[in-house]
Amino acid sequence: MRLEPVGAEALLLVLAEQPDADLPLRIAALADRIHLELGPLLVDLVPGWTSLLLHYDLLRTDHLQLGKRLLPLLEDWCAEAQPPRSGRLHEIPVWYAGADLAEVARACALSEAEVIALHSGTEYRVGAIGFAPGFAYLGELDTRLVLPRRRTPRTRVPAGSLAIVERQTAVYPQASPGGWHLIGRCPRRLFDAHAKPPCPLAVGDRVRFLAIDEAAFRAEGGVP
């Protein structure tokens, strides 16, 4: 475990070197505890797969004072043997008709049906949210589907695109550039700035993808 200053107003807690299935839950619980105990000193908390970034109010504290306040909380967190909760389960419909599905199948020496079965047959954990508002990094992908990033990223990936790369999968909540492999389309909005919360997924939650056909995709409001 390490505490590293990040600029003048942030402190990074490096909590592990490698992620595991329970770590996102534990980091989410730690973020809740720190917010409860030290909330007035903080501007934001950003959980990651193996870390927690604290943005603090420089008029109220600095990284040395904050580090001292954090030590007893971190000692208690390290002593916890089990995750405090299982995380909510979200079942998200997907029409597996992404632009790269056939290419992914060839690269993995699988049929398209096998790619769909492997991807939809796995329960994923939300490990981090970032890159773009509501972009939830989900892991871990079945090893038979692991691929590096595309050599040439797309300048525009449509909103709702389901993608994979390395051991992760995600749904692009907005149209944006991206270098992941597109294997499906999700008809649901996974980020709405006017909703509370704006993102239905939270770090530590669980996700399963439900394979649907084009008719069901359109019925849920999806636009091919």
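Residues numbered from 1 in each chain as written. Predicted model: local features only at pLDDT ≥ 70, side-chain atom pairs only at ≥ 80, totals over all residues. Heavy atoms only, no water.

**A closer look at the packing of aromatic side chains**
Piece 1. Evaluation of the coordinates by the stated rule reveals seven aromatic pairs.
Piece 2. A ring pair is formed by Phe131 and Phe135, whose centres lie 5.1 Å apart and whose planes are at 80 degrees; its orientation type is edge-to-face.
Piece 3. Take Phe131: its relative accessible area is 53%, and that puts it in the exposed class.
Piece 4. Plain terms: the ring middles of Phe135 and Tyr172 are 5.2 Å apart, the flat faces sit at 80 degrees to each other, and that makes the pair edge-to-face. Residue Phe135 is located in the loop between strand E6 (124-129) and strand E7 (136-139), and its partner Tyr172 is located in the loop between strand E10 (168-171) and strand E11 (176-178); the two are separated by 37 residues in the primary sequence.
Piece 5. Among the residues examined, Tyr172 registers a relative accessible area of 2% and is labelled buried.
Piece 6. Taken together, the aromatic side chains of Phe131, Phe135, Tyr137, Tyr172 and Trp180 make up a single cluster linked through ring pairs.
Piece 7. The ring centre of Trp77 lies 4.1 Å from the NZ or CZ of Arg26, which sits over that ring. (Phe/Tyr/Trp six-rings, centres within 6.5 Å; stacked < 30°, edge-to-face > 60°. Buried < 20%, exposed > 50% of the residue type's maximum accessible area, 1.4 Å probe, protein only. Helix = DSSP H or I, 4+ residues; strand = E, 2+ residues; numbered from the N terminus. Lys NZ or Arg CZ within 6 Å of the ring centre and 35° of its normal.)

**Section: the packing of helix H1 (residues 23-38) against helix H2 (residues 63-79)**
Piece 1. At a closest axis distance of 11 Å, the pairing of H1 and H2 adopts a crossing angle of 135 degrees. On the basis of the axis angle, H1 is oblique to H2. Note on packing geometry: the crossing formed by H1 with H2 is right-handed. Taken together, the residues of H2 that come into contact with H1 (itself represented by Leu23, Arg26, Ile27, Leu30, Arg33, Ile34, Glu37 and Leu38) are Leu66, Arg69, Leu70, Leu73, Leu74, Asp76, Trp77 and Cys78.
Piece 2. When its residues are assigned to classes, the contact of H1 with H2 shows eleven nonpolar, no polar and five charged. (Axes fitted to C-alpha atoms, helices over the stretch in contact; angles between N-to-C directions. Parallel < 35°, antiparallel > 145°, perpendicular 65-115°, else oblique. Left-handed = near helix turned anticlockwise from the far one by under 90°. Contact = heavy atoms within 4.5 Å. Nonpolar A, V, L, I, M, F, W, Y, C, P; charged D, E, K, R; others polar.)

**Considerations on unusual backbone geometry**
Piece 1. A cis geometry characterises the amide bond from Gly139 onward to Glu140, with omega recorded as 0 degrees.
Piece 2. With respect to the helices and strands, Glu140 occurs in the loop between E7 and strand E8 (154-157).
Piece 3. Here the amide bond leading from Lys196 into Pro197 is cis, since omega sits at 0 degrees, within 30 degrees of zero.
Piece 4. Summarising the element assignment, Pro197 is placed in the loop between strand E12 (181-185) and strand E13 (206-212).
Piece 5. Backbone geometry at Ala109 places phi at a positive 55 degrees, although glycine is not the residue there.
Piece 6. The backbone of Glu166 sits at a positive phi, close to 50 degrees, despite the residue not being glycine.
Piece 7. By the element assignment, Glu166 lies in the loop between strand E9 (161-165) and E10.
Piece 8. Overall, Glu166 belongs to the partly exposed group, its relative accessible area being 42%.

**Remarks on helix H4 (residues 112-120)**
Piece 1. Within the span of H4, buried status applies to Val115, Ile116, Leu118, His119 and Ser120.
Piece 2. Next to the buried residues of H4 lie helix H3 (101-107), E6, E9, E10, E12 and E13.

**With respect to the pattern of salt bridges**
Piece 1. Within the structure shown, the criterion is met by 15 salt bridges.
Piece 2. Residue Arg144 pairs with Asp142 through a salt bridge whose shortest N-O separation is 3.0 Å.
Piece 3. Salt-bridge contacts for Arg188 lead to Glu220; the nearest nitrogen and oxygen are separated by 3.3 Å. Taken as a pair, Arg188 in the loop between E12 and E13 and Glu220 in the segment after helix H5 (214-219) lie far apart in primary sequence, 32 residues in all. (Salt bridge = Lys/Arg side-chain N within 4 Å of Asp/Glu carboxyl O.)

**Brief notes about the state of the cysteines**
Piece 1. By the definition in use, this model includes zero disulfides.
Piece 2. We note that Cys186 lacks a disulfide partner, and the nearest cysteine sulfur, in Cys199, lies 12 Å from it.
Piece 3. Under the relative-accessibility criterion, Cys186 is labelled buried at 5%. (Disulfide = S-S within 2.5 Å.)

The values are spatial; any link to function lies outside them.
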